[in-house]
Amino acid sequence: MKAMVLDKFKELFGDTEGVNVYFAPGRVNMIGEHTDYNGGHVFPCALSLGTYAAARKRDDSKLNFYSINFEKSGVMESDIHDIKPEDAAGWTNYPKGVIWAFSERGMRLDRGMDFVIYGNIPNGSGLSSSASLEVLTGFVLRDLYGFDVSNTELALIGQYSENNFNGMNCGIMDQFASAMGKKDHAIFLNTADLSFEYAPLVLNDAKIVVTNSNVKHSLVGSEYNVRRNECETALKELQKVIDIKTLGDLSEEEFEANKSAIKDPVRMKRAKHAVYENQRTVKAVEALKNNDIDTFGKLMNASHVSLRDDYAVSCDEIDVLVEEAWKIPGVIGSRITGGGFGGCTVSIVKNDAVEEFKEKLGNAYKERVGKEASFYLVDIGDGPAKL
Ligand code: GLA
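Residues numbered from 1 in each chain as written. Predicted model: local features only at pLDDT ≥ 70, side-chain atom pairs only at ≥ 80, totals over all residues. Heavy atoms only, no water.

1. Observations regarding the site of the ligand
Inclusion rule: Whether a residue is near a molecule or strand depends on its heavy atoms: if one lies within 4 Å, it is near. Here a polar contact is taken to be a pair of N or O atoms separated by no more than 3.5 Å, where protein atoms must pair a possible hydrogen donor with a possible acceptor and residues adjacent in sequence count only if both atoms sit in side chains. Per-residue and other accessible areas follow the Shrake-Rupley method at a 1.4 Å probe size, with only the shown protein chains counted as cover for residues.
In the region of the ligand, the neighbouring residues are Arg27, Glu33, His34, Asp36, Tyr37, Cys170, Gly171, Met173, Asp174, Tyr224, Gly338 and Gly339. In the environment of the ligand, an oxygen atom lies 2.7 Å from a nitrogen or oxygen atom belonging to the backbone of histidine 34. A distance of 3.5 Å separates an oxygen atom of the ligand from a polar atom in the backbone of glycine 339. Summarising the interface, the protein chains cover 95% of the accessible area of the ligand, which totals 310 Å² for the free molecule.

Laid out in structure tokens, this is it:
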């Protein structure tokens, strides 16, 4: 990958004198879905898949962006004095958003740069290609321009840019997982205060398998923001009867005792998911610490049911993948992962069942949905790096 982005850089900009190469990972979330904007816990890990960049500062104020994934777009030009979101700017709205978010914090670019990227996260898979690009951009800016920011701040800057420059009201999970990833560990993050711990995720006789449905419904952005609003309204209703800051403050019992304050049945289901999913995440990490993978798997399955029925962010294709996975012996747990409406599932599968899993699930998916599924064995990687 390093040679690939460097070669392209040389082809486009003449030489590679003083060019550095960087990487930031995507993520897969094991459990704790749609809890990160509700003050709950999440449990993602960084992937060894992600986005690579070759970058160098320029002597003038020009910004030149090029993606090997979008060759047809060619070099997309901009200027450090002209940073605003534009439909025509396509993928460059992500790095531009990060440049803008740095300047909002008083860190301005004094000169432009040439920036060539390549990503090996499948497009639209829900494995956070955009968060990896945001964290990558922040990491590059820190290195090239000498900005004094921690990795946690890189995550927050990435989220801020996505919320305010790209109009996607995402939580902090994706950027945090990318910026703070640690090899062979998942991150148990409390999104209420960003306290976290690393938990080893080496599953002796099992593997984490990501299955891509290869579908992405266009609902994803709009419905995401709708869910956020539903949860915010439910929180306000609950706050009239119980003293809480977020839905993540509630136990299941407290929710049940106070839920009648929520005046709409759909909103009640959304809030129920947020509360129960947070509790499931805490229990799942506890089970993992006790080496109780079976309980971890059962909680993953319950998470899927809740995302499907109460939170309504699954879709037929994903439900087929999960339901068929549950039937296969050797599958410890399986659920949708990420924002929803397509993308991927994550499953824990016994080592000796992985081949059968791919074959049976691939066939069932083809038969019932008429599409090919893709499979990735998860290799949990580190956070961003200069290569
Ligand atoms: C998307 C968002 C995250 C998180 C997940 C759902 O990936 O970017 O912040 O809310 O959906 O868990």
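Next comes the rest of the description.
2. Focus: the sheet that holds strand S12 (residues 374–377)
As a reminder, the rule being used: In short, DSSP must find at least two bridges between two strands for them to pair. In DSSP terms, a helix is any run of H or I states spanning at least four residues, a strand is any run of E spanning at least two, and both are numbered starting from the N terminus. Fitted lines through C-alpha atoms serve as axes, helices being fitted only where they are in contact, and the angles separating the N-to-C directions of these axes extend from 0 to 180 degrees.
Pairing in this open sheet of four strands is antiparallel, and the strands run S10-S11-S9-S12 from one edge to the other. Every other strand in the sheet has two partners, leaving strand S10 (331–337) and S12 as the edge strands with one partner each. When the angles between neighbouring strand axes are averaged without regard to direction, this sheet yields 20°. As defined by bridge partners, S10 adjoins strand S11 (residues 342–350) across six bridges and the pair is classed as antiparallel. Residue pairing across strands places valine 331 opposite valine 349, the latter belonging to S11.

3. Quick notes on the pattern of salt bridges
Using the following cut-off: Here a salt bridge means any side-chain nitrogen of Lys or Arg lying within 4 Å of a carboxyl oxygen belonging to Asp or Glu. We call a residue buried when its accessible area falls under 20% of the maximum for its residue type, exposed when it is over 50%, and partly exposed in between, using a 1.4 Å probe and counting protein chains only.
Applying the stated criterion to the full structure yields 31 salt bridges. Two residues, arginine 27 and aspartate 174, come together in a salt bridge whose shortest N-O distance is 2.8 Å. Separated by 147 residues along the polypeptide, arginine 27 in strand S1 (residues 20–29) and aspartate 174 in helix H5 (residues 173–180) bring together distant segments of the chain. Take arginine 27: its relative accessible area is 3%, and that puts it in the buried class. Here glutamate 223 ties to arginine 227 by a salt bridge, and the two come within 2.9 Å at their closest N and O atoms.

4. Considering the environment of glutamate 277
Rule in force here: We call two residues in contact when some of their heavy atoms are within 4.5 Å.
Within the secondary structure, glutamate 277 is located in helix H8 (residues 265–289). A relative accessible area of 0% places glutamate 277 in the buried class. Separated by 104 residues in sequence, glutamate 277 and methionine 173 place their C-alpha atoms 15 Å apart. Residue contacts for glutamate 277: discarding those within four places in its chain leaves Ile31, Gly32, Glu33, Thr35, Lys272, Ser303 and Arg335.

5. Some remarks on the nonpolar core
Quick reminder of the rule: Residues belong to a common nonpolar core when they are buried Ala, Val, Leu, Ile, Met, Phe, Trp, Tyr or Cys residues joined through side-chain atoms within 4.5 Å.
Grouped together as the largest cluster of nonpolar side chains are 42 residues, with contacts concentrated most on Phe102, Met113, Phe115 and Leu141. Element by element, the count of residues in this core is highest for helix H3 (residues 129–145), at eight residues. The residues contacting methionine 113, other than those within four sequence positions of it, are Arg56, Lys57, Arg58, Lys62, Leu63, Asn64, Ile99, Val140, Leu141, Leu144 and Tyr145. In this structure, Ile31, Leu299, Cys344 and Val346 belong to the second largest nonpolar core, which totals 29 residues.

6. Quick word on the sheet that holds strand S7 (residues 185–190)
On the basis of which strands lie adjacent, the open sheet formed by three strands has the order S2-S7-S8 and antiparallel pairing. Edge positions in the sheet fall to strand S2 (41–42) and strand S8 (195–200), since each of these pairs with one other strand and no more. Across two bridges, the pairing between S2 and S7 is antiparallel. Paired with histidine 41 across the strands is asparagine 190, a residue of S7. Strand contacts of H5: S2, S7 and S8, with the helix running at about 135° to S7, the strand carrying the most contacts.

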